Amino acid sequence: MQRVFSGIQPSGVPTLGNYLGAIRNWVPMQDTHESIFCVVDQHAITMWQDPKELTRQTREMAAALLACGLDPARCILFVQSHVHAHTRLAWIFNCVARIGWLNRMTQFKDKAGKDRENASGGLYVYPNLMAADIHAYHATRVPVGDDQRQHLELANDIAGKFNHDYGVEFFPNIEPHIMGVAARVMSLRDGTKKMSKSDPSDQSRINMTDDAETISLKIRRAKTDPEPLPSEVAGLEGRPEARNLVGILAAITDRMPEDVLREHGGQGFGTFKGVLADALVAHLSPIAAEMRRLLDDPGAVDALLRKGADRAREIADPIVARAEELVGFLPPR
Ligand code: TYM
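Residues numbered from 1 in each chain as written. Predicted model: local features only at pLDDT ≥ 70, side-chain atom pairs only at ≥ 80, totals over all residues. Heavy atoms only, no water.

S.K.: Would you mind showing me how to read helix H9 (residues 212–221) here?
M.R.: Because an α-helix packs 3.6 residues into every turn, residues spaced three or four apart end up facing the same way. Of the positions making up H9, those classed as buried are Ile 215, Lys 218 and Ile 219. Angular distribution of buried residues about the axis of H9 spans 95 degrees; they occupy a single face of the element. In H9, the exposed positions angled more than 90 degrees off the buried face are occupied by Glu 213 and Arg 220. (Buried < 20%, exposed > 50% of the residue type's maximum accessible area, 1.4 Å probe, protein only. Helix = DSSP H or I, 4+ residues; strand = E, 2+ residues; numbered from the N terminus. Arc of directions from axis to C-beta.)

S.K.: Can you help me understand the domain arrangement of the chain in this one?
M.R.: Reports often express the size of an interface as the amount of accessible area lost when the parts come together. Segmentation of the chain into domains returns domain 1 (3–183 + 298–327) and domain 2 (202–293). The C-alpha centroid of domain 2 is placed 29 Å from the C-alpha centroid of domain 1. Across the contact, 14 residues belong to domain 1 and 19 residues belong to domain 2. Carbon and sulfur atoms make up 78% of the surface buried where domain 1 meets domain 2, a total of about 1300 Å² over both sides. Among the ionic pairs, Asp 254 bridges to Arg 24, the shortest N-O distance being 3.7 Å. (Domains from an automatic or database assignment. Contact = heavy atoms within 4.5 Å. Buried area = accessible area lost by both parts, 1.4 Å probe. Salt bridge = Lys/Arg side-chain N within 4 Å of Asp/Glu carboxyl O.)

S.K.: So what exactly am I meant to see when it comes to unusual backbone geometry here?
M.R.: Leave glycine aside and you will find that most residues have negative phi; peptide bonds, for their part, are mostly trans. Not every positive phi belongs to a glycine, and His 138 is a case in point at roughly 50 degrees. Residue placement: His 138 occurs in the loop between helix H7 (121–135) and strand S4 (141–143). Non-glycine residue Asp 254 carries a positive phi angle of around 55 degrees. In this structure, Asp 254 sits in the loop between helix H10 (240–252) and helix H11 (257–264). Classification of Asp 254 by relative accessible area gives exposed; the value is 64%.

Here it is in C-alpha cells:
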C-alpha cells in the first residue's frame, strides 16, 4: 500500500481553502493508503506566533481535522514537534539543498515580502523541513493544494541529490496529489489572491469555525462584478471573483463548474450568492459542531495526538537513523 503524508500549519483556524484544497481529499485516502497527517507547529513558527495562541491553535487544528473525518483508527494524526525525526532529517537536508534552489521558492518571496532581510532563517529553509516531513516516512503520495507544488518539486530534487551524493537509492520519488477545481480557492475580497488563514482581513476567507450567519454575510459581501453569470466556463475568463465562487459551489456540491453554470448561468450574483451560502452552511455546520464537541474535552484530543506521535516515531525513527548512518554520523549506540 502506498504511503501518504500531508501536513497543515496551525497558524490560524483552517479555512475553506485548506478544506477544499487539501483536508477533504485526505479523508478518502485513509481507506486506500497508509495515511499519515501532521499538524506542523514547527513550520508555523517560521512566522511569529503568540505562544498561548499556538498551543490553542494546534489543538484546534487537530480537532478540525478529526471533525472533517480523519479517524485515528484509520490514519496516524500527530503534531510535528512531538516527533524529533523531522528536524534531524531537516538538518541533513539543509546541507543537501542548494541556496540557489531555495532562492527560487515563490512562497518565501511572497511571505518575506519587501523586508527580506528581516525574515527568519526558518522561513528560508522551510521547504527543507517540509521535504524532511515527507521523506522521514518514505511517503510517496502527498495530497496538497496547488500552492505547494513547487515545494514538492524541491523535495524531489533534495531526495535525488541525497541519493546521488551518497550513492544510494534511499529516498523515493514523491507524487504530488493536487485535486482539480478547488486546488486554489481564492480570497473573497480579491479573486487573484489565495484564500489564507494568515490574511489580515477575516472577510477574505471562510473559517471552518464560522457560524451560519457569518458565512452568509461573508458570501453576501464577497467581491463580484456587475455582469450576470455566464452559461459556459469560457465566460469566466478575466472574471476571477466569479470563477472563484463558481469553483467553490462546484467543489462543495461535488460537481464540475460546467454543471454549476448550466444551472445558474444568466443569474445575477444576488441569487447565486444565496444558493452558495446555503450550500456552505449545510456542509460546514456539522463540521463546526463536531469540532466544538471535541474541544470540550481537550485532554482527549491531546491523548489522541500523543498516541499518533508514538506510531509516527515507530516509522520515522529507523528511516532517519539510517539516513544519519548513510551520512556517516557515528551511531549513537
Ligand atoms: P498550509 O498550512 O498553508 O495549508 C494546508 C493545505 O491547504 C492547502 N491550501 C489551499 N488549497 C486550496 N486553496 C487555498 N486557498 C489553500 N490554502 C491552503 C495547502 O496547499 C496545503 O495542502 N507547507 C504546508 C504544510 C506542510 C506540508 C508538509 C504539506 C508542511 N509539511 C508536508 C505536505 C507535506 C503549508 O504551509 O500548508
